[in-house]
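# Commentary on secondary and tertiary structure
Here is what each chain is made of, one letter per residue.
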Amino acid sequence: MSTVLVTGGSGFVGIHVILQLLAAGHTVRTTVRRPERQADVLAMLREGGAASPESLAFFTADLTRDDGWQKAVTGCDYVLHVASPLSTSVPKDENEMIIPARD
Ligand SMILES: NC(=O)c1ccc[n+]([C@@H]2O[C@H](COP(=O)([O-])OP(=O)(O)OC[C@H]3O[C@@H](n4cnc5c(N)ncnc54)[C@H](OP(=O)(O)O)[C@@H]3O)[C@@H](O)[C@H]2O)c1
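Cut-offs used in this document
- Residues numbered from 1 in each chain as written.
- Predicted model: local features only at pLDDT ≥ 70, side-chain atom pairs only at ≥ 80, totals over all residues.
- Heavy atoms only, no water.
- Salt bridge = Lys/Arg side-chain N within 4 Å of Asp/Glu carboxyl O.
- Buried < 20%, exposed > 50% of the residue type's maximum accessible area, 1.4 Å probe, protein only.
- Helix = DSSP H or I, 4+ residues; strand = E, 2+ residues; numbered from the N terminus.
- Expected span 1.5 Å × (residues − 1).
- Contact = heavy atoms within 4.5 Å.

An unreviewed UniProt entry annotates the protein chain as Dihydroflavonol-4-reductase of Bradyrhizobium huanghuaihaiense.

## Focus on the pattern of salt bridges
Summed over all chains, the structure comprises 3 salt bridges. A salt bridge links R37 to D40; its shortest N-O distance comes to 2.8 Å. Judged by its relative accessible area of 24%, R37 is partly exposed. For D40, a relative accessible area of 34% gives the class partly exposed. The salt bridge partner of R65 is D67, with a shortest N-O separation of 2.5 Å. Judged by relative accessible area, which is 51%, R65 ranks as exposed.

## A few points about helix 1 (residues 12-23)
Over its 12 residues, helix 1 runs 17 Å from end to end, which matches the ideal 16 Å to within 8%, given 1.5 Å per residue. If you check which residues of helix 1 are buried, you get G14, I15, I18, L19, L21 and L22. Along its buried surface, helix 1 packs onto strand 1 (3-7), strand 2 (27-32), helix 2 (38-47) and strand 4 (78-81).

Encoded structure:
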């Protein structure tokens, strides 16, 4: 089994990815921008039928800052980079979305 980091565990796709990884027996980590989102993520995982959501490890990291990412990825076999800043309006330039996600 692998250790996998899923970025954006509080998001729609992130939650589903985490559910699949936990069900397959992997060691799973996720990032949230704000630690207070952990309770929401755990509630969503329970709602989704996760057998042991408390085995998920949380790391705080924001794509617009470097802090926290090194700690989150160290020791991981894989990173599933699901988090992405999504604007409520159509961006004027595609790089407004691409650069934060890529960096
Ligand atoms: N849903 C779909 O049907 C679908 C289809 C095709 C592609 N996608 C793509 O899949 C990705 C995820 O979609 P989704 O539907 O899961 O979106 P979502 O529910 O809005 O989740 C986005 C996730 O990214 C996190 N995030 C946003 N800005 C961030 C930042 N600056 N730093 C760190 N994390 C940040 C959010 O955290 P917070 O909770 O803190 O906001 C959340 O966990 C997007 O790129 C989307 O375009 C989605």
